[in-house]
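# Commentary on secondary and tertiary structure
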Amino acid sequence: MRIGVDIGGTNLRVGVVDGLRVVDEFRVNADFSGMCRRLPADTALKEIIYSLQQALSSALARYPDVDAVGLGFPGFIVAGRVAQSPNLPGLMDVDLATPLRAALGCPVIVENDALAAAYGEYHLNGRQGSGLIYLGLGTGVGGGLILNGQAFPGEHGVAMEVGHLIVEPGGRLCGCGNHGCMEQYASASGVVLNYLASTGQQRDAQEIAHLAQSGDTQALAAYALAGDKLAQALAQILKVVDVGHVVVGGGMSAAWALMQQAFERRLDSDLIPALRGKVCVTLSQAGDQAGMIGAALLAAPSST
Ligand SMILES: [Zn+2]
């Protein structure tokens with residue numbers, strides 16, 4: 001058994017993974033995002049390591065058979081180190097694995113959270129084909145790429161930062177500093193902005209989904225625009241990496257039915273004609289557990 005951890009901005013999900021199944025899960029409140037904003041970087045790092053160590057020690061005490069730990073971390077990961085994390089400011093070129101390995105006495109690896117989810121989905125889908133693209137729709141849009149059966153982080157850990165593909169030149173200002181990034185339209189916060197732009201009203205993405213389900217035209221349009229912009233970005237990605245399977249996951253994928261038609265229409269129109277009808281787009285097999293499963297699998301890839 002292994003442990004796979006999905007690290008979010010405000011909580012940790014620690015999954016005990018046996019094969020491709022999460023057999024137990026602990027959720028721990030850990031406001032890493034707040035720590036990074038409030039505390040000096042070195043203090044925040046110590047707090048983060050301490051929180052992870054506490055959570056993992058208690059899980060390992062209950063499951064002594066666990067032989068490796070994988071962390072899915074929201075940031076750019078280069079050779080196991082956190083190069084940078086836009087959501088956890090101040091963390092630069094940080095080694096989380098070594099102190100945790102020393103404290104826990106078992107192998108620990110760190111990988112990008114969306115890449116871990118991609119790896120989990122690839123295995124859950126029976127490792128069909130040589131590659132897979134994962135799109136995680138949440139507050140932002142994350143992405144992970146599997147090529148030739150291997151997780152592909154890129155040389156600087158930013159491969160598949162798909163949320164920041166520019167789909168609307170001169171469009172909305174993004175946290176990354178550019179304008180018109182895809183996640184400003186196709187994430188949960190993007191849907192909020194889509195609705196705000198057309199109605200002047202601020203509602204959260206779930207409220208807008210409820211309105212859309214009851215036939216509200218502007219709410220439907222807010223989700224349709226999200227689907228359209230997601231497909232616009234995906235069609236470009238597929239021209240670079242010709243991968244046959246795309247998995248859509250993350251919390252906002254629950255509202256996929258509201259995005260699907262616009263997504264398919266745009267994908268069909270923007271893809272190279274030779275690819276039309278040949279790209280399989282499916283919803284996540286594991287719901288929100290793919291990140292934990294993938295992180296656990298990556299913890300000892302040689303034996304999977
Ligand atoms: Zn951006």
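Placed above this text is the structure.
Throughout what follows, the structure given in this document is the object of discussion. (Residues numbered from 1 in each chain as written. Predicted model: local features only at pLDDT ≥ 70, side-chain atom pairs only at ≥ 80, totals over all residues. Heavy atoms only, no water.)

## Some remarks on the packing of helix α2 (residues 41–62) against helix α3 (residues 97–104)
- At a minimum axis distance of 10 Å, the contact between α2 and α3 shows a crossing angle of 35 degrees. Judged by the twist between their axes, the crossing of α2 over α3 is right-handed. Contacts between α2 and α3 pair I49, L52, Q53, L56, S57 and L60 from the former with P99, L100, A103 and L104 from the latter.
- Here the contact of α2 with α3 is composed, by residue class, of eight nonpolar, two polar and no charged. (Axes fitted to C-alpha atoms, helices over the stretch in contact; angles between N-to-C directions. Helix = DSSP H or I, 4+ residues; strand = E, 2+ residues; numbered from the N terminus. Left-handed = near helix turned anticlockwise from the far one by under 90°. Contact = heavy atoms within 4.5 Å. Nonpolar A, V, L, I, M, F, W, Y, C, P; charged D, E, K, R; others polar.)

## Observations regarding the packing of aromatic side chains
- Tallied over the entire structure, the rule returns one aromatic pair.
- A centroid spacing of 4.8 Å and a plane angle of 65 degrees characterise the contact between W256 and F263, whose relative ring orientation is edge-to-face.
- The buried category is assigned to W256, whose relative accessible area is 7%.
- Sitting over the ring of Y185, K229 keeps its end group 5.9 Å from the ring centre. (Phe/Tyr/Trp six-rings, centres within 6.5 Å; stacked < 30°, edge-to-face > 60°. Buried < 20%, exposed > 50% of the residue type's maximum accessible area, 1.4 Å probe, protein only. Lys NZ or Arg CZ within 6 Å of the ring centre and 35° of its normal.)

## A closer look at the sheet that holds strand β12 (residues 245–249)
- Strand order in the open sheet formed by five strands is β11-β10-β9-β12-β13, and the pairing between neighbours is mixed. Every other strand in the sheet has two partners, leaving β11 (150–151) and β13 (280–283) as the edge strands with one partner each.
- Pairing of strand β9 (residues 132–137) with strand β10 (residues 141–147), which is carried by six bridges, proceeds in the antiparallel orientation. Bridged to I133 within β10 is L145.
- Across the sheet, helix α9 (residues 256–270) lies against β9, β12 and β13, angled at about 170 degrees from β13, the strand it touches most. (Pairing = 2+ DSSP bridges.)

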